Structures are given as structure tokens and as C-alpha cells.
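# Structural description and commentary
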Amino acid sequence: MAKQTAGPEIERLIALLARLPGLGHRSARKAALALLKRRSDLLEPLAAALTEAASSIVTCERCGNIDTVSPCTICRDPRRDATLIVVVEEIGDLWALERAGVVGGLYHVLGGHLSPLDGIGPEDLNIGKLIERAVPPVEEVLLALNATVEGQSTAHYLTEQLQGRGLKVTRLAQGVPIGGELDYLDEGTLAAAIRSRRTL
Ligand SMILES: [Zn+2]
């Protein structure tokens, strides 16, 4: 067992930080040290923000987003285009699209993707509510799912469920990323780009 170099409270802080995505034990130690050194301007405000977040976050009853109010701020915003629902796998995907500022519509967070091997079926995802929401004024459901096997099979399943409801079901384009060089792309991406070519 590794030798302890700090008291149990600090070791516990490091162990908890190490459980965050992208932070190994070494980075967690660095982060913990930074927090401990900057007690008043970093550690204490962070602790307060964490306590506040823990007590006030709720999952939006409508779209599955996380916020401090339900329905969430996005669902409540009257300036949003209520004819478009953008379906994403995770809240991180919603945040990414919001950062890009390209979605004027509403969202629906599935909470993952179908994965029979891991025992994740339609009933384990936030799909029932999506079907309920897919009624007028909604005119289009955009499936903004990951370009992975699971993401695409989930999109296929949702397309079947949403068909025959008089609304348009669309998905993201696949192809050459912005700034991408053809020579470096994999064959799958190149093939998708050729298939989705557009007339200029
Ligand atoms: Zn919402």
C-alpha cells in the first residue's frame, strides 16, 4: 500500500477528485494542492458552489436536461423554436450544441444509447417522453446522436418509433470535419462524406 503523505481529510479530497473524468491520481493531487493553497479564493467558493449545486439541481421533467428549475431554462424560453426537438445522448452533448449556438429549438436528452450487450434497452432511456413530445407544434425531430455503432442503431430505432406521425425526422450530416485534411481521414468518414455530397 502506498505511504500516506497527508491527513485523512486531504487524502479523501484527493481520492474524490481522482474519480472525476480526465483526472488521474497525479492530477488529482495537483488539483487538491491548488485548492488547499488557495483556500479563500478557490477552495471555499468551490465548496459553497458544490453544496449549492448538490441541493438545487433537478432533472427537467420535460427534456431530461439538468438545471435548478424544472422545466429547465431552455424548455421555459419562449424565444426557442418549439417546432424543433434536437435529440442528444448526454447532457454534455446538449452543452456542446449550446456552446456552438446553432440550435434555436428545444432538446431531448436520452441519457445514453441503446446497447444490448450492456443490457440497455429502450425502457432504460428517456424515450417514452420523447414519443409523447413528438406531437404538434413539433414539426421536426433532429437525431443529433454520436456517429458510433450504438448511436446510429439508437437513431435507427428512434426513426422507426417516430415514423408515421407526420413529422420530419432528420439526423446530423457526416463527413469531413472543419479543418480536416482528406489524407488523414479514415475510410468510414471519407465514404460518409462522399455519400452526403452536396451540389454547390
Ligand atoms: Zn428541459
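Procedures and definitions
Residues numbered from 1 in each chain as written. Predicted model: local features only at pLDDT ≥ 70, side-chain atom pairs only at ≥ 80, totals over all residues. Heavy atoms only, no water. Helix = DSSP H or I, 4+ residues; strand = E, 2+ residues; numbered from the N terminus. Buried < 20%, exposed > 50% of the residue type's maximum accessible area, 1.4 Å probe, protein only. Contact = heavy atoms within 4.5 Å. Lys, Arg positive; Asp, Glu negative; His and termini not counted. Charge placed at Lys NZ, Arg CZ, Asp CG, Glu CD. Salt bridge = Lys/Arg side-chain N within 4 Å of Asp/Glu carboxyl O. Polar contact = N/O pair within 3.5 Å; in protein donor to acceptor, adjacent residues only side chain to side chain. Pairing = 2+ DSSP bridges. Donors = N, O, S within 2.8 Å, 3.2 Å for Na, K, Ca; no water. Tetrahedral: all angles 85-135°; square planar, octahedral: opposite > 155°, others 65-115°. Arc of directions from axis to C-beta. Axes fitted to C-alpha atoms, helices over the stretch in contact; angles between N-to-C directions.

### Things to note about the overall build of the protein chain
A tally of helices and strands in the protein chain yields 8 helices and 6 strands. Scanning the protein chain from its N terminus toward the C terminus, one meets helices and strands in the order α-α-α-β-β-α-β-α-β-α-β-α-β-α. Here the protein chain, with 200 residues, has 30% of them falling under the buried criterion. Taking as baseline every contact in the protein chain between residues at least 6 positions apart, the subset at least 24 positions apart corresponds to 45%. The average position of the 22 basic charges and that of the 25 acidic charges among the side chains of the protein chain differ by 6 Å.

### Looking at the side chain of Glu-89
For Glu-89, the position within the fold is in the loop between β3 (81–88) and α5 (91–100). Buried Glu-89, no salt bridge; nearest opposite-charge side chain is Arg-171, N-O distance 12 Å. A polar contact of 3.0 Å, which involves the side chain of Glu-89, links it to the backbone nitrogen of Asn-146. Glu-89 has contacts with Val-109, Leu-110, Gly-111, Gly-112, His-113, Leu-145, Asn-146 and Gly-151, leaving out every residue within four places of it along the chain.

### Some remarks on the pairing of strand β4 (residues 105–109)
For β4, the tally of buried residues reaches 5 of 5 residues, placing the bulk of the element in the interior. Across 5 bridges, β3 lies against β4 in parallel orientation. When the sheet's bridge partners are listed, Ile-85 is paired in β4 with Leu-106.

### Focus: the coordination of the zinc ion
Taken together, Cys-60 (SG), Cys-63 (SG), Cys-72 (SG) and Cys-75 (SG) make up the full set of protein donors to the zinc ion, lying 2.3 Å away. Each of the 4 donor atoms bound to the zinc ion contributes to angles spanning 106 to 115°, and the resulting shape is tetrahedral. Here the donor residues of the zinc ion are spaced in sequence according to C-x2-C-x8-C-x2-C. In this pair, Cys-60 sits in the loop between β1 (58–59) and β2 (66–67) while Cys-72 sits in the loop between β2 and α4 (73–76), placing the two residues 12 residues apart along the sequence. Taken as a pair, Cys-60 and Cys-72 share a single burial class, namely buried.

### A look at helix α1 (residues 8–17)
Of the positions making up α1, those classed as buried are Glu-11, Ile-14 and Leu-17. An end-on view of α1 places all buried positions within 125° of arc, on one side of the element. α1 presents Pro-8, Glu-9 and Arg-12 as exposed residues on the side facing more than 90 degrees away from its buried surface. Looking at the packing, one finds that the buried side of α1 touches α2 (25–37).

### Considerations on the sheet that holds β4
If you trace the 4 strands from one edge of the open sheet to the other, you get β4-β3-β5-β6, paired in parallel fashion. Edge positions in the open sheet fall to β4 and β6 (168–171), since each of these has one partner strand only. Between one strand axis and the next, the sheet turns through 25° on average, direction left out of account. Packing against the sheet, α5 makes contact with β3 and β4, and its axis sits at approximately 160° to β4. Sitting on the sheet, helix α7 (residues 149–162) touches β3, β5 (140–143) and β6, and the angle it makes with β5 is about 165°.

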